[in-house]
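A structural walkthrough
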Amino acid sequence: MTVTRGDTQRREQVLAAALTVFATFGYRKTSMDAVARAADISRPGLYFLFSGKEELFRETMRQELDRALADVRTALAAPGADLDARLVAALDANLGRYVGTHLNEGVDELLEHGAAQLHDMYDDYRDAFLDTLAQAITDSGRTAPGAVTPREIAEVLQAAGEGWKHRVGDRAEFVRRLGVAVAVALRP
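It should be emphasised that the depicted structure is a prediction, and the values quoted were computed from it without experimental measurement.

**What to know about the packing of helix α1 (residues 8-29) against helix α4 (residues 53-76)**
One way to put it is that α1 packs onto α4 with a least axis distance of 9 Å and a crossing angle of 105 degrees. Relative to α4, α1 is oriented roughly perpendicular. Here Arg11, Glu12, Val14, Leu15, Ala18, Leu19, Phe22, Tyr27 and Arg28 of α1 come into contact with α4, specifically with Lys53, Glu54, Leu56, Phe57, Glu59, Thr60, Met61, Gln63, Glu64 and Arg67. The residue inventory of the contact of α1 with α4, partitioned by class, reads nine nonpolar, two polar and eight charged.

**Side note on the environment of Asp82**
Mapped onto the secondary structure, Asp82 falls in the loop between α4 and α5 (83-95). On the basis of relative accessible area, Asp82 is assigned to the partly exposed category, the value being 47%. Among the polar contacts listed, one links the side chain of Asp82 to the backbone nitrogen of Ala85, at a separation of 2.9 Å.

**Notes on the UniProt feature "domain: HTH tetR-type" (unreviewed entry) in the protein**
In the UniProt entry, the feature "domain: HTH tetR-type" (unreviewed entry) is given for residues 8-68. Along residues 8-68 the backbone is 87% helical and 0% strand, and the end-to-end C-alpha distance reaches 19 Å.

**Let's talk about the UniProt feature "DNA-binding region" (unreviewed entry) in the protein**
Taken from the UniProt record, the annotation "DNA-binding region" (unreviewed entry) applies to residues 31-50. Helix makes up 75% of residues 31-50 and strand 0%, and the two end C-alpha atoms of the span are 13 Å apart.

**Observations regarding the environment of Glu55**
With respect to the helices and strands, Glu55 occurs in helix α4. Take Glu55: its relative accessible area is 18%, and that puts it in the buried class. Placed 63 residues apart in sequence, Glu55 and Leu118 show a C-alpha to C-alpha distance of 9.7 Å.

**Quick word on the side chain of Thr132**
Take Thr132: it is sitting in helix α8 (residues 121-140). In contact with Thr132, other than residues within four places in its own chain, are Leu69, Val72, Arg73 and Leu76.

**Here we look at the side chain of Thr30**
Examined against the element boundaries, Thr30 turns out to sit in the loop between α1 and α2 (32-39). On the accessibility criterion, Thr30 (3% relative accessible area) is buried. A polar atom in the side chain of Thr30 sits 3.5 Å from the backbone oxygen of Val21. Setting aside residues up to four positions removed in sequence, Thr30 forms contacts with Val21, Phe22, Phe25, Val35 and Lys53.

**Concerning unusual backbone geometry**
Phi at Asp40 takes a positive value of approximately 55 degrees, unusual for a residue other than glycine. Within the fold, Asp40 resides in the loop between α2 and α3 (43-49).

**Topic: the packing of α8 against helix α9 (residues 150-165)**
Between α8 and α9, the shortest axis-to-axis distance is 8 Å and the interhelical angle comes to 120 degrees. Between α8 and α9, the angle falls in the class oblique. Where α8 crosses over α9, the two elements pack in a sense that is right-handed. Contacts between α8 and α9 pair Tyr122, Arg126, Asp127, Phe129, Leu130, Asp131, Leu133, Ala134, Ile137 and Thr138 from the former with Pro150, Arg151, Ile153, Ala154, Glu155, Gln158 and Glu162 from the latter. The residue inventory of the contact of α8 with α9, partitioned by class, reads nine nonpolar, two polar and six charged.

Procedures and definitions
Residues numbered from 1 in each chain as written. Predicted model: local features only at pLDDT ≥ 70, side-chain atom pairs only at ≥ 80, totals over all residues. Heavy atoms only, no water. Axes fitted to C-alpha atoms, helices over the stretch in contact; angles between N-to-C directions. Helix = DSSP H or I, 4+ residues; strand = E, 2+ residues; numbered from the N terminus. Parallel < 35°, antiparallel > 145°, perpendicular 65-115°, else oblique. Contact = heavy atoms within 4.5 Å. Nonpolar A, V, L, I, M, F, W, Y, C, P; charged D, E, K, R; others polar. Buried < 20%, exposed > 50% of the residue type's maximum accessible area, 1.4 Å probe, protein only. Polar contact = N/O pair within 3.5 Å; in protein donor to acceptor, adjacent residues only side chain to side chain. UniProt positions renumbered as here; feature names shortened; annotations may be inferred. Left-handed = near helix turned anticlockwise from the far one by under 90°.

Rendered as structure tokens:
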């Protein structure tokens, strides 16, 4: 259990700055001094909030993953939107947040290669994301013909999104490509 120390608003400000610093320099090259400067906080103030770089990194990634998953759930619960639109919005909320920005590759690198510091956190969030997509597909009653499960459809959509986010130049193109992937995956 993580002990929350300090002002919540100040922690949020530090975590936002830390995400940018970690994404820019990577875990190994990021120093607590660099995060303190980016967050406009003293180094002792930073250590008051977080015991060290590993705790700061884990909390930064946990906050980012929590936000993404909450945005996915919000997108899938959108009233009046059809399943295709909700799936595109959910995939974009999780995978497209940084497409077209300087943080895109950096955040990806942190999540995929920060295993030592994140332990099973990234895998747990990825599973929750896939389960959430699969449940929305199941609830809609729209599944692909044959023996393809909603979870497998979710995995294909996630893989398509992962691929496209590295190949397109902007978020609008990313969303357009997601629409194609969803249409193909759910084709009757």
